[in-house]
Amino acid sequence: MDQRAEDEKYMRMALREAERAFDEGEIPIGCVIVKDGDVIGRGHNQVEMLKDATAHAEILSIGTASGKLENWRLDGATLYVTLEPCPMCAGAILNSRVARVVYGSPDTRFGGCGTTVDVISGNALKRDVKVEGGLLADECLGLLKAFFQKMRLEKGDSGNKGEAGPKAV
Ligand SMILES: [Zn+2]
């Protein structure tokens, strides 16, 4: 399998994780981590369920991958995520020594890999992490758009969303 086909395969797995988040009433973002052809970590956004602002798909996936390897160093691993990692997750990616990040949709609001800020390029830790964005971006973004549309409908679209963000259904 060539690199592109392989990347698509794993991004589709990340999309399935994102769909699980969607079904749980979480902002639909999913992630898988692959090393030497094995899926070593996976996760989806669970901020609402865990009531934890750090429970992003990437953080949870890094946790499961480290558990599986019994090693916090994820050298040589590729992290696939449906939305560009935020600055917190980009920092976690550097700390975990993931070698490559492939993301779906850019995050124009809080993207940490170049779209709004860039935590990865020229990082102070001098870690060399390859970042590629835009893989299956339409599908990744489509799921997010569908989610927020559903949330607005369920809230009755009062026009006043406040600060709270989406709640678990
Ligand atoms: Zn994040």
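In this report, we go over the structure that sits alongside the text. (Residues numbered from 1 in each chain as written. Predicted model: local features only at pLDDT ≥ 70, side-chain atom pairs only at ≥ 80, totals over all residues.)

## Some remarks on the overall build of the protein chain
Put simply, the test is: For helices the rule is a DSSP run of H or I covering at least 4 residues; for strands it is a run of E covering at least 2, with both sets numbered from the N terminus onward. Partly exposed residues are those whose C-beta has more than 12 but fewer than 20 other C-beta atoms within 10 Å; 20 or more makes a residue buried and 12 or fewer makes it exposed, with C-beta atoms placed from the backbone. Think of it this way: build a C-beta for each residue from its backbone, and any pair within 7 Å is a contact.
Looking only at helices and strands, one finds five helices and five strands in the protein chain. Overall, the protein chain is about 45 × 35 × 30 Å in size when its C-alpha atoms are taken along their principal axes. Looking at the protein chain as a whole, 37% of its 169 residues are labelled buried. In the protein chain, 55% of the contacts between residues at least 6 apart in sequence involve partners at least 24 apart.

## Some thoughts on the environment of Asn71
With respect to the helices and strands, the residue Asn71 is situated in the loop between helix 3 (57-69) and strand 3 (78-83). For Asn71, a count of 12 C-beta atoms within 10 Å gives the class exposed. When the C-alpha atoms of Asn71 and Pro28 are compared, they prove to be 28 Å apart, with 43 residues separating the residues in sequence.

## Observations regarding the pairing of strand 2 (residues 38-44)
Convention followed: Two strands qualify as a pair provided DSSP detects at least 2 bridges between them.
Bridge count between strand 1 (residues 30-35) and strand 2: six bridges; the pairing is antiparallel. Paired with Val32 across the strands is Arg42, a residue of strand 2. Between the end of strand 1 and the start of strand 2, which pair antiparallel, lie two residues, with Asp36 showing a positive phi angle near 50°.

## Structural notes on the nonpolar core
Heads up, the rule is: Residues of type Ala, Val, Leu, Ile, Met, Phe, Trp, Tyr and Cys that are buried and joined through C-beta atoms within 7 Å form what is called a nonpolar core.
Ranked by size, the top nonpolar core spans 40 residues in total, and within it Met11, Ala14, Ile33, Leu79, Tyr80 and Val81 carry the most contacts. Listing elements by their share of this core, those giving two or more residues are helix 1 (3-23), strand 1, helix 3, strand 3, helix 4 (87-96), strand 4 (100-105) and helix 5 (137-154). It is helix 1 that contributes the most residues to this core, seven residues altogether. The residues contacting Val81, other than those within four sequence positions of it, are Ala14, Ile29, Cys31, Ala57, Glu58 and Tyr103.

## Brief notes about the sheet that holds strand 2
Worth spelling out the cut-off: To get an axis, a line is fitted to the C-alpha atoms, and for a helix only the part in contact is used. The angle between two axes follows their N-to-C directions and goes from 0 to 180 degrees.
Overall, mixed pairing links the five strands, which are arranged 2-1-3-4-5 in an open sheet. In the strand order of this sheet, the two ends are held by strand 2 and strand 5 (130-132), each with one partner. Averaged over neighbouring strand pairs, the angle between their axes works out to 15° when direction is ignored. Bridge analysis of strand 1 against strand 3 gives four bridges, and the strand direction is antiparallel. Paired with Val34 across the two strands is Thr78, which belongs to strand 3. Across the sheet, helix 3 touches strand 1, strand 2 and strand 3, and the angle it forms with strand 2 is around 145°.

## Considerations on the packing of helix 1 against helix 5
Stated formally: An angle below 35 degrees is read as roughly parallel, one above 145 as roughly antiparallel, one from 65 to 115 as roughly perpendicular, and any other as oblique. Each residue is assigned to one of three groups, with Ala, Val, Leu, Ile, Met, Phe, Trp, Tyr, Cys and Pro labelled nonpolar, Asp, Glu, Lys and Arg labelled charged, and all others, Gly among them, labelled polar.
Following both chains from N to C, one finds helix 1 and helix 5 inclined at 0°, their axes separated by 11 Å at the closest point. With respect to their mutual orientation, helix 1 and helix 5 come out roughly parallel. In this structure, helix 1 uses Leu15, Ala18, Glu19 and Phe22 to contact helix 5, whose residues at the interface are Glu139, Cys140, Leu143 and Phe147. Taken together, the residues of the contact of helix 1 with helix 5 break down into six nonpolar, no polar and two charged.

## With respect to the pairing of strand 3
Defined as follows: Here is how to tell: hold the view so the strands point away, follow the path from the first strand over the helix to the second, and if it runs clockwise the crossover is right-handed.
The buried fraction of strand 3 is high, at five of six residues. Of the pairings in the sheet, the one linking strand 3 to strand 4 comprises five bridges and is parallel in character. Residue pairing across strands places Tyr80 opposite Val102, the latter belonging to strand 4. For the crossover from strand 3 across helix 4 to strand 4, the handedness is right-handed.

Taken by themselves, the reported measurements are silent on function.
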